[in-house]
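The primary structure of each chain is shown beneath.
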Amino acid sequence: MNFEGMKNEYEQWQKGEKDRAENKQRMNVSDHAYLVLQNDMLVFLPQDDQRNLDKIPSGFINQIFRNFRKTANSSVANKVHDKEIEYDNLLTRVKSSDKRKILSILTEKYASDLMEEAEERLKEKGNSFSFRIDKDNIQYLASEDGQAEKRYYKDNITHYLKAVIEEYAELPYAERECIYYKEMVDEIDMSVKDKKVLKIFLKKGRNESKKSSIKYMKVLGCYRDKEYLYNYVAGLMSDDRKGTWSPGAIRLTSMASCERLEQPAFISKENVELIIALMKKQGVQYISAGSNDYKVVVKFTSRGEKMYQRVLHLRPLYINKREDKVYEFHCSKFQAESYFFKFGPEVRILEPVSLAEEFRNRYMAAANQYLPK
């Protein structure tokens, strides 16, 4: 469907002349974009919606487009409008007649560059799927802002939608998280601005109680881990809105939803400094994991030592190298488990004995899965 057709359909729908606007679209995206969408579905969607990864749900596409359409470079008319305002402010001292000419040249060049990017995104094809545009996105596409994209996409709505989705797929994962969860990120930011307690509803596992899936936080802000892979909301956290508050962080993708309460969320200067110090020392993902004084002594094989030098994600820094290939670490127990377990036979836990036994039992349980039955 073209832009004009969408506008007419929407207006007839609003007037009651039609039961609904025609909203079914068929899109063909590149292999890369399709794989990114499938991978993101595994993380972002509830388990019940992950049964068929070959089918891209309409709601998934609608949420990406709704949350990204305003800031995407592929929304050329919107970006050109914002850039024109920026140029206009920079040219305040230029006389009007010259200013109009300069603005025209600059904005045309800017629009041309954006369309060159968009056209590259439209070239690649590989995977087709159908989806239905939801009411909010129909309303946008029929609006003045949405209709302004018509001139850049030759009146083809599908080309515009594809360009935005392809651009989304080009972004690093951590940025895609913030796009998909934009509503929650905005709520988190507002809780910081308003200094209000944030009530967080976690994605609940099958065996978890309702109470365990709710946390309360005095939010310091949203942060990424040291490798800039994932987003976390950090601050002072409690299981009860009136309970004891302690430093904590929750990964954005672990949250089902959140809401600001009227309860004030004051964080003292000392606690701000403590949270920041913990994030610098342990990493934001570990400030909820307890003390950073958990001593772990490991002996690497030659290959394991090389792995330690290469595997940077979640890596604790050693504080002492006792002898050849024996290292001492001070980190949280959770970080030690997360990092060293994947080394398998290339590392041996010397201390503490309890952690060594835990690794041994887990390895044996895994090995038993491969024994003949």
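It should be noted that the structure appears before, not after, this text.
It is worth spelling out the overall build of the chain at this point. In terms of regular secondary structure, the chain is built from 14 helices and 11 strands. Each of the three principal axes of the chain carries a C-alpha extent, and together these read 75 × 60 × 45 Å. Counting every position in the chain, which comprises 373 residues, the buried fraction comes to 44%. Sequence separation of at least 24 residues holds for 68% of the intrachain contacts in the chain that already meet a minimum separation of 6. Within the structure as shown, the chain displays about 21,200 Å² of accessible surface, and the carbon and sulfur contribution to it stands at 49%. Separation of charge centres in the chain, based on 65 positive and 58 negative side chains, amounts to 3 Å.

Bringing the packing of helix H2 (residues 31–44) against helix H9 (residues 173–180) into the picture now. The geometry of H2 relative to H9 is characterised by a closest axis approach of 12 Å and an angle of 60° between their N-to-C directions. Crossing geometry of H2 relative to H9 is assigned as right-handed. Residues Val-36, Asp-40, Val-43 and Phe-44 of H2 pack against Tyr-173, Arg-176, Glu-177 and Tyr-180 of H9.

With the rule as written, the count across this model stands at 31 aromatic pairs. Aromatic side chains Phe-300 and Phe-343 sit 5.9 Å apart centroid to centroid with 50° between the ring planes, which places their arrangement in the tilted category. Here Phe-300 is found in strand E8 (residues 294–300), whereas its partner Phe-343 is found in the loop between helix H13 (333–340) and strand E11 (347–351), with 43 residues between them in sequence. By relative accessible area, which is 2% here, Phe-343 ends up buried. Taking the centre distance of 6.2 Å and the plane angle of 85° together, the rings of Tyr-308 and Tyr-339 count as edge-to-face. Linking Tyr-308 in helix H12 (residues 302–310) with Tyr-339 in helix H13, this pair joins segments that are 31 residues apart in sequence. An aromatic cluster is present here, built from Phe-300, Tyr-308, Tyr-318, Tyr-327, Phe-329, Tyr-339, Phe-340 and Phe-343 joined pairwise through their rings. Here Arg-251 stacks its cationic end above the ring of Tyr-230, 3.8 Å away from the centre of that ring. For Arg-315, the ring lying beneath its charged end belongs to Tyr-308, and the centroid distance is 5.1 Å.

Here we take up helix H11 (residues 269–282). Here H11 is 14 residues long and its end C-alpha atoms lie 20 Å apart, about the 20 Å a rise of 1.5 Å per residue gives. What H11 keeps buried is the set Ile-275, Leu-278, Met-279 and Gln-282. Mapping the buried residues of H11 onto a view down its axis gives an arc of 100°, with all of them on the same face. Opposite its buried face, H11 presents the exposed residues Lys-269, Glu-270, Lys-280 and Lys-281, each directed more than 90 degrees away.

On to the nonpolar core, then. Judged by nonpolar contacts, the single largest core of 67 residues is most densely connected at Leu-37, Phe-60, Phe-129, Leu-141, Tyr-153 and Met-255. With eight residues, helix H8 (residues 157–170) is the largest single contributor of residues to this core. Counting residues in each nonpolar core, the second largest holds 19 residues, with Val-298, Met-307, Phe-329 and Cys-331 among its members.

Turning our eyes to something else, we now look at the sheet that holds strand E9 (residues 318–323). Across the sheet, which stays open at both edges, the four strands sit in the order E9-E10-E8-E11 with antiparallel pairing between neighbours. For this open sheet the edge positions go to E9 and E11, each flanked by a neighbour on one side alone. For this sheet, the mean inter-axis angle between neighbouring strands, taken without regard to orientation, is 30°. Pairing of E8 with strand E10 (residues 326–331), which is carried by six bridges, proceeds in the antiparallel orientation.

With that out of the way, let us pick up the side chain of Glu-149. Tracing the sequence through the fold places Glu-149 in the loop between helix H7 (144–147) and H8. It turns out Glu-149 is buried and unbridged, and the closest side chain with the opposite charge, Arg-151, is 8.8 Å from it. Ignoring anything within four residues of it in the chain, the contact list for Glu-149 reads Phe-3, Ser-74, Ser-75, Val-76, Ala-77, Asn-78, Tyr-140 and Tyr-160.

With that settled, the discussion passes to the environment of Ser-332. In this structure, Ser-332 sits in the loop between E10 and H13. The class of Ser-332 is buried, set by a relative accessible area of 0%. Spatially, the C-alpha atom of Ser-332 lies 6.6 Å from that of Asp-293, the residues being 39 residues apart in sequence.

Take the pattern of salt bridges next. All told, the structure shown has 28 salt bridges when counted by the stated rule. Between Asp-40 and Arg-176 there is a salt bridge, and its shortest N-O distance comes to 2.7 Å. Taken together, the positions of Asp-40 in helix H2 and Arg-176 in helix H9 put the pair 136 residues apart, joining distant regions of the chain.

Rules used throughout
- Residues numbered from 1 in each chain as written.
- Predicted model: local features only at pLDDT ≥ 70, side-chain atom pairs only at ≥ 80, totals over all residues.
- Heavy atoms only, no water.
- Helix = DSSP H or I, 4+ residues; strand = E, 2+ residues; numbered from the N terminus.
- Buried < 20%, exposed > 50% of the residue type's maximum accessible area, 1.4 Å probe, protein only.
- Contact = heavy atoms within 4.5 Å.
- Areas by Shrake-Rupley, 256 points an atom, 1.4 Å probe, with all protein chains shown as cover.
- Lys, Arg positive; Asp, Glu negative; His and termini not counted.
- Charge placed at Lys NZ, Arg CZ, Asp CG, Glu CD.
- Axes fitted to C-alpha atoms, helices over the stretch in contact; angles between N-to-C directions.
- Left-handed = near helix turned anticlockwise from the far one by under 90°.
- Phe/Tyr/Trp six-rings, centres within 6.5 Å; stacked < 30°, edge-to-face > 60°.
- Lys NZ or Arg CZ within 6 Å of the ring centre and 35° of its normal.
- Expected span 1.5 Å × (residues − 1).
- Arc of directions from axis to C-beta.
- Core = buried A, V, L, I, M, F, W, Y, C linked by side-chain atoms within 4.5 Å.
- Pairing = 2+ DSSP bridges.
- Salt bridge = Lys/Arg side-chain N within 4 Å of Asp/Glu carboxyl O.

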